[in-house]
Amino acid sequence: MVSGACLIGDRKSTVVLTTGSVFVWDAQTLEHHVTTIPDSGAREKCSVPVGALTPNGSTAWWWCGGDVLALAVPSGKKREGLLLTVPPDGGGLVSLAAGRRAVCGCTGAGTVVLWAADAEEPGLRSPVRTVAFSHGVSVTRLAFLANGMFVAQQAGAQALWAFSEDEEEPPYSLYRGEEQAPAVSLQSYGCLLWLCTPRSVVHLSGLTAV
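First, a word on what this report is: a plain description of the structure on this page. (Residues numbered from 1 in each chain as written. Predicted model: local features only at pLDDT ≥ 70, side-chain atom pairs only at ≥ 80, totals over all residues. Heavy atoms only, no water.)

With that settled, consider the overall build of the protein. When helices and strands are tallied, the protein shows zero helices and 21 strands. Computed over C-alpha atoms, the radius of gyration of the protein comes to 16 Å, within 12% of the 17 Å expected from 2.2 N^0.38 for 210 residues, which places it in the range of a compact globule. In terms of principal-axis extent, the alpha carbons of the protein reach across some 45 × 40 × 30 Å. Here the protein holds 210 residues, and the buried ones make up 48% of them. By sequence separation, contacts in the protein at least 24 residues apart represent 41% of the contacts at least 6 residues apart. Across the protein, the 14 positively charged side chains and the 18 negatively charged ones have centroids separated by 3 Å. (Helix = DSSP H or I, 4+ residues; strand = E, 2+ residues; numbered from the N terminus. Rg over C-alpha atoms; globule rule 2.2 N^0.38 Å. Buried < 20%, exposed > 50% of the residue type's maximum accessible area, 1.4 Å probe, protein only. Contact = heavy atoms within 4.5 Å. Lys, Arg positive; Asp, Glu negative; His and termini not counted. Charge placed at Lys NZ, Arg CZ, Asp CG, Glu CD.)

Structure below.
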C-alpha cells in the first residue's frame, strides 16, 4: 500500500514519489523501476512528498524533509551529490515546479525561491534568488509553461501570477477569477494552464482565459 504519494509525469514516463521510494514507469514499455531513498531523519514532519519533472522528462525533483534530491528518469536513480537546500525558516516546501534552467519552490510560509537547475553538475546549491510579490501576496502552488515562465497560484484566491525563470523582473498578475472561494488545483502542459475551482475549471491558453 502506498500512502502520502505525489504523482507527476509526461508522455514518456509516470513518476510516483512517496515518502521513502520513487516508482518510475516507462509509458511505452510499461517497465518500471523502484528506488528507495535513505531516511534523512527529517521525514517525520513530511507526510506527503513534493515533486516536479523537468520539461524534457529526464529529471525528477523530490522533497520530503531536508534537501531537494534529483532523480534520473527513467532509471529513478539518485543523481549523487546534487542537492538543493531549502530555506530553514519557511516551514518546508508545499510545491515544486521545474523549468529548463531553474527549479522553483514554494515554502509553507508562501515564499518562492529559485535554484539553478543543471542536473548534470553535482553540488550543494542554495537558492539563487527569492521572488518578491507585491501587496503581501502569499503563494501555495506552482507550475511551469513552455515559454519559460513560472506561474504561481495565490493562496486563498483564484489568482495567478507569472514570472520568468531567467529575468529578475517582478511577477505580474496573469489571471484573477470572479468566484470568492480559493482555487483547489493548478496544472500545466506546454503553454496551457488549468485552474480548478470548487465550481469550475478555468482553461488558459497562451496566457489568455478561454
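What follows concerns the environment of valine 137. If you trace the backbone, valine 137 turns up in the loop between β13 (129-131) and β14 (139-144). Residues valine 137 and glycine 92 lie 45 residues apart in sequence; the distance between their C-alpha atoms is 18 Å. Not counting the four nearest positions on each side in its chain, valine 137 is found in contact with Gln154 and Trp161.

With that out of the way, let us pick up the pattern of salt bridges. The full count for this structure, using the stated rule, is two salt bridges. Among the salt bridges present, the one from aspartate 166 reaches arginine 101, with a minimum N-O distance of 2.7 Å. Of this pair, aspartate 166 sits in the loop between β16 (159-164) and β17 (172-176) while arginine 101 sits in the loop between β9 (93-98) and β10 (102-107), placing them 65 residues apart in sequence. By sharing partners, the salt bridges in this structure join Arg101, Glu165 and Asp166 into a single network. (Salt bridge = Lys/Arg side-chain N within 4 Å of Asp/Glu carboxyl O.)

To summarise the sheet geometry, strands pair through backbone hydrogen bonds and adopt either a parallel or an antiparallel arrangement. Taken together, the four strands give an open sheet; going across it, the order is β14-β15-β16-β17, and neighbouring strands pair in antiparallel fashion. Each edge of the sheet is formed by a strand with only one pairing partner; in this case those strands are β14 and β17. Recorded for the sheet is a direction-independent mean angle of 30 degrees between the axes of neighbouring strands. With four bridges joining them, β16 and β17 adopt antiparallel strand pairing. Directly across from leucine 160, in β17, lies its bridge partner tyrosine 175. (Pairing = 2+ DSSP bridges. Axes fitted to C-alpha atoms, helices over the stretch in contact; angles between N-to-C directions.)

Where nonpolar side chains cluster on the molecular surface, the patch consists of Tyr189, Trp194 and Val201 and spans about 300 Å² of accessible area. In this fold, valine 201 is placed in strand β20 (residues 201-205). (Patch = residues over 30% accessible without salt bridge, like charges linked within 9 Å, V, L, I, M, F, W, Y side chains within 5 Å. Areas by Shrake-Rupley, 256 points an atom, 1.4 Å probe, with all protein chains shown as cover.)

Glancing now at the side chain of glutamate 165. Following the sequence through the fold, glutamate 165 ends up in the loop between β16 and β17. At 3.2 Å, the side chain of glutamate 165 forms a polar contact with the backbone nitrogen of arginine 100. One polar contact links the side chain of glutamate 165 to the main-chain amide nitrogen of alanine 102, over a distance of 3.2 Å. In contact with glutamate 165, other than residues within four places in its own chain, are Gly99, Arg100, Arg101, Ala102, Leu114, Arg129, Phe144, Gly148 and Phe150. (Polar contact = N/O pair within 3.5 Å; in protein donor to acceptor, adjacent residues only side chain to side chain.)

Further remarks concern the sheet that holds strand β1 (residues 6-9). In space, the four strands of this open sheet follow the order β1-β2-β3-β4, with antiparallel pairing throughout. The sheet is open, and its two edges are formed by β1 and β4 (32-36), each paired on a single side. Neighbour to neighbour, the strand axes of the sheet diverge by 15 degrees on average, direction disregarded.

Looking at the secondary structure, you find threonine 85 in the loop between β8 (78-84) and β9. Excluding anything up to four places from it in sequence, threonine 85 contacts Asp67, Trp115, Leu124, Arg125, Ser126 and Pro127.

Here we take up the nonpolar core. By size, the foremost hydrophobic cluster in this structure holds 31 residues, and its most contacted members are Val15, Trp61 and Leu96. Setting aside residues up to four positions removed in sequence, leucine 96 forms contacts with Val50, Gly51, Ala52, Trp61, Trp63, Val68, Val103, Cys104, Gly105, Trp115 and Leu142. (Core = buried A, V, L, I, M, F, W, Y, C linked by side-chain atoms within 4.5 Å.)

Now for unusual backbone geometry. With an omega dihedral of 15 degrees, the bond running from valine 73 to proline 74 counts as a cis peptide bond. The topology assignment puts proline 74 in the loop between β7 (68-72) and β8. Phi angles above zero are rare outside glycine, and leucine 30 is one such case at about 65 degrees. By the secondary structure assignment, leucine 30 is in the loop between β3 (21-26) and β4.

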